[in-house]
Amino acid sequence: MSIKKLIASALTAGFMLSFIPAAALADTAGWQGSYSDGWKYYTSADEYVKSDWKQIGGKWYHFNASGIMETGWIQDGGKWYYLKSNGQMTSDSWELLGGKLYHFNKSGVMEANKWIDCGEYYIYGQVKEYAGSDPEFEKVLSEYRGKRLWRYVGSDGASYVGWKKVGGEWYHFNGLIDGEYYIDTDETHQSSYAVMTYGMFHDRDEDAYYNFDGNGKYRKNCWFKFFSSYGATAWYYSGSDGKLYSGWKQMNGKWYYFGSDDFGTNYMYTGIREFYSKDKNGKTVYELYCFHKNGYMMTGWIQLGDYWYYAGSNGSIYMKKWLNLGGKWYYFDYRGRMAANAENFEIDGKGYDFDSNGVCINPNSGRKITGWYERKYDSLHKYSELIWDSDTEYHYDFNDWNYFDSNGKKVVNVQNYLIGGKYYDFDPSGVCKNPFSGRDYEAFS
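In short, a report on the structure. Here the structure is a predicted model, which means the values were calculated and not measured. (Residues numbered from 1 in each chain as written. Predicted model: local features only at pLDDT ≥ 70, side-chain atom pairs only at ≥ 80, totals over all residues. Heavy atoms only, no water.)

**Quick notes on a nonpolar patch on the surface**
Then comes step 1: On the surface, a cluster of nonpolar side chains totalling about 250 Å² of accessible area is made up of Trp-301, Trp-308 and Leu-325.
Then comes step 2: Relative to the helices and strands, Trp-308 resides in strand 24 (residues 307-311).
Then comes step 3: By relative accessible area, Trp-308 is classed as partly exposed at 35%. (Patch = residues over 30% accessible without salt bridge, like charges linked within 9 Å, V, L, I, M, F, W, Y side chains within 5 Å. Areas by Shrake-Rupley, 256 points an atom, 1.4 Å probe, with all protein chains shown as cover. Salt bridge = Lys/Arg side-chain N within 4 Å of Asp/Glu carboxyl O. Helix = DSSP H or I, 4+ residues; strand = E, 2+ residues; numbered from the N terminus. Buried < 20%, exposed > 50% of the residue type's maximum accessible area, 1.4 Å probe, protein only.)

**Things to note about the sheet that holds strand 36 (residues 439-440)**
Then comes step 1: Read across the open sheet, the three strands follow the order 34-35-36; overall the sheet is antiparallel. The two strands at the open ends of the sheet, each matched to only one other strand, are strand 34 (414-419) and strand 36. (Pairing = 2+ DSSP bridges.)

**Looking at the packing of aromatic side chains**
Then comes step 1: Applying the stated rule across the entire model yields 64 aromatic pairs.
Then comes step 2: Both rings, one in Trp-163 and one in Tyr-210, keep their centres 4.8 Å apart while their planes meet at 65°; by these two values the pair is edge-to-face. Here the residue Trp-163 occupies a position in strand 12 (residues 162-166), and Tyr-210 occupies one in strand 15 (residues 208-212), the gap between them amounting to 47 residues.
Then comes step 3: Note on Trp-163: relative accessible area 26%, which makes it partly exposed. (Phe/Tyr/Trp six-rings, centres within 6.5 Å; stacked < 30°, edge-to-face > 60°.)

**Considering unusual backbone geometry**
Then comes step 1: Within the chain, Asn-113 stands out as a residue other than glycine whose phi angle is a positive 50°.
Then comes step 2: Locating Asn-113 in the fold gives a position in the loop between strand 8 (100-103) and strand 9 (114-120).
Then comes step 3: Of note in the backbone geometry, Asn-341 takes a positive phi value of approximately 50° without being a glycine.
Then comes step 4: Counting through the fold element by element, Asn-341 comes out in the loop between strand 26 (328-332) and strand 27 (342-347).
Then comes step 5: Residue classification places Asn-341 among the partly exposed positions, given a relative accessible area of 26%.

**Re the environment of Ile-56**
Then comes step 1: When you line up the elements, Ile-56 lands in strand 3 (residues 52-56).
Then comes step 2: Take Ile-56: its relative accessible area is 5%, and that puts it in the buried class.
Then comes step 3: Separated by 15 residues in sequence, Ile-56 and Tyr-41 have C-alpha atoms that sit 9.2 Å apart.

**Observations concerning the sheet that holds strand 18 (residues 247-251)**
Then comes step 1: Pairing is antiparallel across the open sheet formed by three strands, whose spatial order is 18-19-20. Edge positions in the sheet fall to strand 18 and strand 20 (264-268), since each of these pairs with one other strand and no more. In this sheet, adjacent strand axes meet at a mean angle of 20° when their direction is disregarded. (Axes fitted to C-alpha atoms, helices over the stretch in contact; angles between N-to-C directions.)

**Comments concerning the pattern of salt bridges**
Then comes step 1: The final tally for this structure, using the stated rule, is nine salt bridges.
Then comes step 2: Put simply, Asp-333 and Arg-337 hold a salt bridge, and the shortest N to O gap is 3.0 Å.

**Section: the nonpolar core**
In a soluble, globular protein the nonpolar side chains are often hidden away together inside.
Then comes step 1: Formed by 31 residues in total, the largest nonpolar core has its most connected members in Phe-226, Tyr-236 and Phe-291.
Then comes step 2: Those elements that provide at least two residues to this core are helix 2 (125-133), helix 3 (135-141), strand 10 (148-153), strand 13 (169-173), strand 16 (222-229), strand 17 (232-238) and strand 22 (284-291).
Then comes step 3: In contact with Tyr-236, other than residues within four places in its own chain, are Met-200, Cys-222, Trp-223, Phe-224, Phe-226, Phe-227, Ser-228, Leu-244, Phe-258, Thr-265, Asn-266 and Tyr-267. (Core = buried A, V, L, I, M, F, W, Y, C linked by side-chain atoms within 4.5 Å. Contact = heavy atoms within 4.5 Å.)

Printed below as a string of structure tokens:
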């Protein structure tokens, strides 16, 4: 055998272990080039493969428009392929061929109809810290501890991607998203291409959420607890189709709301919640609803902490509104809190008195308020909280002061309002910005 034939044979089988000058092989078909300049495959003395695949020695390679063998991830015909650093589609590994992922065992034989163990399911340290400080978080996480990452290869040897049925059960396997190789980095269920999905999953095509248990099966027709945000958990419900409930849902004659915010997605609301909607005129409508700790919407009288609230039959909490029950009148402030133990409680420029049970003593004879008025609201609690006025920004309510003119009209949104020889400033809600430091009249006269 000639020296040239021996060299060409060695390059094909051992894949270019040393540099061979192109001139030395110019009249021979086979591999030519170097690691620094790239490799070409000649089919004759002066023809080489360009912009195409070529099977060489039982292995597939791809060559670019210049004829240089490519490595790493490449896209061809809308499909993704992975070429190892030496360009070979080798055995003993996972390989992406024609947009499908295949597994070859140690003997080089392609496997089919089989689950393939792809390593340990990794749980991030921060998630473990949350579990260490919250038993409920740990209870949710424990279902996924010690799990493995799995792929499944079908009858054609290709790894499943997307929704697939295995053994009569539906599973989801992560795939390519928007034409890119997708790796989910969610700290609670990290995974990679074609790996069976654990935990929460958002189906972009359906714009719906699903949740997969520790065996990779999606939940349906059940309540379950899961992470709502880092360090927190909440309740969810999966319907008969496996999709997580969202919005208003009636179950067993009670209403629930499954919402999304900075704390999570599609989780069951509890406590007082704000809702915004538009009326027929396009004006924003602001409402409050209260949900029991078990999630159902509450109606009627509701006690939260030191305050009482009242929700109508539709669940909307009374705000800045009177309520007549059994001939007794009650009033609820801008945050839905019942007025109680209050004297001269200002409502639309008049003062009303309320007993300890919230019953108004003088509902039909409120006193006209004039002059300075301190917004104490009740004798037990002096509000000192961040509040929102619809026409202005957030401000702190530290027993704010209002001023009512001789006609009982509240002064609002005015600067340099003259009272007793001094000027005062009032915001759009009527709160005086400088009640104890009005500016002298002479300074502006």
